[in-house]
Amino acid sequence: MNRHSNPSLSMPTRLPRRGMDGLGMGQHGTDQAMEAISLTHQVSAWHAAPGGRPRARIGIRIARSAISNQLVPLLRGLADHREKIDAFAITKHREFEENRAWYEQALAGHRLIFYSDREFDLLDRLDAVIFLESNQDIYGEFPENVVKIGLPHGVDIPLRKTVIGYGGGYCFDYVLGLMRQAPSDPACFEGLFPRALRNHALNHVCEIPFGFPKLDEFIHEVTLQETKRPRAIAYHLSSLSLENPGSLKLIVPTLKRLLDHFPEHRIVFRPIMSDRGHPIVAACRELGSLYGNFHFSDAESYIPDYAAATAMVCHRAYKLHLFGLATGRPTFLCHPEDEPVASDDPTVVTCPATRLIDELRSHLDHARPIIPLSERMDRCRQAGVHNPGSSIAFLADSIDDILRGKIRPDWPCHRLDPETRPDITLKTHMAAQLASARPANMAFLAFAAKHPENDEVLLLIADSYARADFMPSYYYPMALRHFHALTKRKALSVPLKARMARWWEYRGRHILDHLSQASESDGIALPDDILSLRDSRLHADHSGHGGATEDAAFVRFETLVDLRTSEPVRYAGPLMLYGARKLARDFLAHGHAANGDIRAITDPDPEAQGRDLAGRVVEAPEALLESDVPVLICSYDYLPDAFRDLHRSLGPDRALYAICKDRLIADLLPLLAALRSPTGD
């Protein structure tokens, strides 16, 4: 069907505003309706506009999430620079339809462009698009010629986390830096992201000293509300799956003490969106209903509710929270008696639960009624925040340079393409990524974005998310959704079905049991696609076929991964170790039936060199150049970096190995042979 003949994709609509509390719009927004328009219709409007194309077309990709409120101030601010920038929200048509009411409220007074799968070819009409870093989307539908700008989701996210942990190295041309960071080697990301998996307009990742629009808005709102009465105490919860288990027991009693001891203060209780149905939150709401000073904060942004707070109470330590920067007020980090915590943030007061009320009262008795704006701005600058109060103005001033690919002298730039050696093969790159056992590994999503027809990569994605056991309520559903998508594929190979069955036996059914138990406890139903896995037989009938990796074939610390061939091996001959930390110590402590002939131990860290490890002196990596003995990389977290460095310094012919972490890695390695790009790499 012709894309232009479908009225649902081409006609703009103005959607009436529903409510006044979303994202603080009651204070900052407008009563105007949101305009929703398809990408097809918008492109037609652009083509029909008189006078050529004077403004930069900047899309801000907004999806409904707990952190999407960071993008709305950016959209709102860029709208004030309409003489040079045409800024708009953009999202997938499916997401818009599923969350229509939320978009209507969140984007009141703004334009939202939605696009379907059939409109991907029109996305190249944009000049740039701004994304939040994500651990579930690589934004592969946006073509290479569109400049891609990444925004970290918090002030405490280092650049390495954005580029590697969140996969920005596969898609971001620029990263909007929020704070000063320690200088890094311009070549630190070189060779880690093969060109075949990247989606860049440029060949680098450049950090722009930008700032934080959400902080700017918070600072402004504090100034507006500084004389508001009654003052508030913000009781802030992070994701309950991340809170210390000992702290979970404190939440209801802490809320009651705050309500009882500070009746003259408004107690603002705020869990994150995804926890609002949790039993602990339900108990708190029931308790709060008995008090006149209780306020349940359910707006998308906490800014309006927190701006009038004299203090914030929380249980989880943050490296840096916006509350202290914007308000100049302290945060009271309340911990269990026997589990003390520390904080490097000078605005944080740590105290056991039994001391919270006394510490808080002492502060309130002496708190200044107003913290001057100049003092708060100085605090932001001292903390290293870029452009406090003017981040969007700085971005608008920089947009021409960004679109031209120009790098200003104070913008740290990190090249991605190797200068001396060609990229490693795609298969070798994926072998290093799989052997690293990195949770939520964005390399697999980058491959899937380039090759959506590939079946095997869906199992790699599922396994990667399943390894993120530090936040199971968030990552486990993603693992099962990708596995469910794989079960719906047609004509799966017998070897893949066999590995699906074994993965389900060793991993999948256990995480489904975990989610089911949590669902029963929380009273929150699991989605149908996840529940359907319990009854599916596709992944349960092939465990004995397709080259099974039996338990006996995997031996911890004896099964290695040949990073050149991506095959598991049991005997590699003499070895030189690269890395002298815990994994190396554990490897050497193992009673080896094979791979026990260790010729040298090396480490790139000067502090590790010269130390004794298992009767050997740790040497500098230059010792590897004196021999052609195969090298065993003793690291998981930095395995891709180490492989890149050794491949560069020792040459492509040197045998490099990794320690296979578990039987599932050994079982999944043969799937890499099926990850072929159209170029045959």
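Residues numbered from 1 in each chain as written. Predicted model: local features only at pLDDT ≥ 70, side-chain atom pairs only at ≥ 80, totals over all residues. Heavy atoms only, no water.

Each aromatic ring pair is characterised by the separation of its centres together with the angle its planes make. All chains considered together, the criterion is met by 22 aromatic pairs. Between Phe131 and Phe172, the aromatic rings sit 6.4 Å apart at their centres with planes inclined by 20°, giving stacked as the arrangement. In this pair, Phe131 is assigned in strand S6 (residues 128–132) and Phe172 in the loop between helix H7 (159–165) and strand S8 (174–177), connecting sequence segments 41 residues apart. Residues Phe131 and Phe172 agree in their burial class; the two are buried. An aromatic cluster is defined as three or more aromatic residues linked by ring pairs; in this entry it consists of Tyr115, Phe120, Phe131, Tyr139, Phe142 and Phe172. When the ring centre of Tyr318 is taken as origin, the NZ or CZ atom of Arg316, which lies over that ring, is 5.6 Å away. Its guanidinium or amino end placed over the ring of Phe557, Arg556 lies 4.3 Å from that ring's centre, counting from NZ or CZ. (Phe/Tyr/Trp six-rings, centres within 6.5 Å; stacked < 30°, edge-to-face > 60°. Helix = DSSP H or I, 4+ residues; strand = E, 2+ residues; numbered from the N terminus. Buried < 20%, exposed > 50% of the residue type's maximum accessible area, 1.4 Å probe, protein only. Lys NZ or Arg CZ within 6 Å of the ring centre and 35° of its normal.)

Bringing the pattern of salt bridges into the picture now. Side chains that differ in sign of charge can pair as their charged atoms come close. All told, the structure shown has 37 salt bridges when counted by the stated rule. We note a salt bridge from Asp401 to Arg408, for which the minimum N-O separation is 2.8 Å. As far as the burial class goes, Asp401 and Arg408 line up, both buried. Within the structure, one salt-bridge network assembled from shared partners comprises Asp463, Arg467, Arg507 and Asp662. (Salt bridge = Lys/Arg side-chain N within 4 Å of Asp/Glu carboxyl O.)

The next thing to look at is the layout of surface pockets. The computed volume of the second largest pocket comes to approximately 460 Å³. Taken together, 22 residues make up the lining of the second largest pocket; nearest its centre are Gly579, Arg581, Cys634, Ser635 and Tyr638. Listed by contribution, the elements that provide at least two residues to the lining of the second largest pocket are helix H23 (582–589) and helix H24 (639–650). For the lining of the second largest pocket, the per-class residue count stands at 10 nonpolar, two polar and 10 charged. (1 Å grid on protein atoms, 1.4 Å probe; cavity = no way out; pocket = protein on both sides within 12 Å on 5 of 7 lines; lining within 4 Å. Points joined across faces, edges and corners; volume = space filled by probe spheres on them. Nonpolar A, V, L, I, M, F, W, Y, C, P; charged D, E, K, R; others polar.)

Let us now look at the packing of helix H18 (residues 442–450) against helix H19 (residues 456–466). It is at 9 Å that the axes of H18 and H19 come closest, and there the two elements cross at 155°. Judged on the interaxial angle alone, H19 and H18 are roughly antiparallel. Considering the relative orientation of H18 and H19, their crossing is left-handed. Where H18 approaches H19, its residues Phe444, Leu445, Phe447 and Ala448 are matched on the opposing element by Val457, Leu460, Ile461, Ser464 and Tyr465. Of the residues assigned to the contact of H18 with H19, the class counts are eight nonpolar, one polar and no charged. (Axes fitted to C-alpha atoms, helices over the stretch in contact; angles between N-to-C directions. Parallel < 35°, antiparallel > 145°, perpendicular 65-115°, else oblique. Left-handed = near helix turned anticlockwise from the far one by under 90°. Contact = heavy atoms within 4.5 Å.)

Residues Phe189, Leu459, Trp503 and Leu563 are the most contacted members of the largest nonpolar core, which totals 101 residues. Ranked by residue count, the leading element in this core is H19, at eight residues. The contact partners of Trp503, leaving out residues within four places of it in the chain, are Leu459, Ala462, Asp463, Ala466, Phe483, Gly508, Ile511 and Leu664. Ile60, Ile219, Tyr302 and Cys380 belong to the second largest nonpolar core, which has 65 residues in total. (Core = buried A, V, L, I, M, F, W, Y, C linked by side-chain atoms within 4.5 Å.)

Time to look at the sheet that holds strand S14 (residues 331–335). The six strands lie next to each other as S12-S11-S10-S13-S14-S15, forming an open sheet whose pairing is parallel. The open sheet is flanked by strand S12 (294–296) and strand S15 (348–352), the only strands paired with a single partner. In this sheet, neighbouring strand axes are inclined to one another by 25° on average, regardless of whether the strands run parallel or antiparallel. Across the sheet, helix H10 (residues 251–261) lies against strand S10 (232–236), strand S11 (266–270), S12, strand S13 (309–314) and S14, angled at about 160° from S11, the strand it touches most. (Pairing = 2+ DSSP bridges.)

Of all six residues in S13, six are buried; the element is thus mostly enclosed. Strand direction decides the pairing type here: S10 and S13, joined by four bridges, are parallel. What sits directly across from Ile233, in S13, is Ala311. Sheet topology places S13 next to S14; three bridges connect them, and they run parallel. Pairing of Met312 across the sheet is with Thr331, part of S14.

What follows is about helix H15 (residues 373–383). Three or more residues of H15 are buried, namely Arg376, Met377 and Cys380. Buried residues in H15, looked at end-on, bunch into an arc of 100°, giving them a common side. Residues Ser374 and Gln382 are exposed on H15 and point more than 90 degrees away from its buried face. On its buried face, H15 is in contact with helix H8 (213–225) and helix H13 (322–327). Directly after H15, the chain includes Gly384, whose backbone phi takes a positive value near 100°. (Arc of directions from axis to C-beta.)

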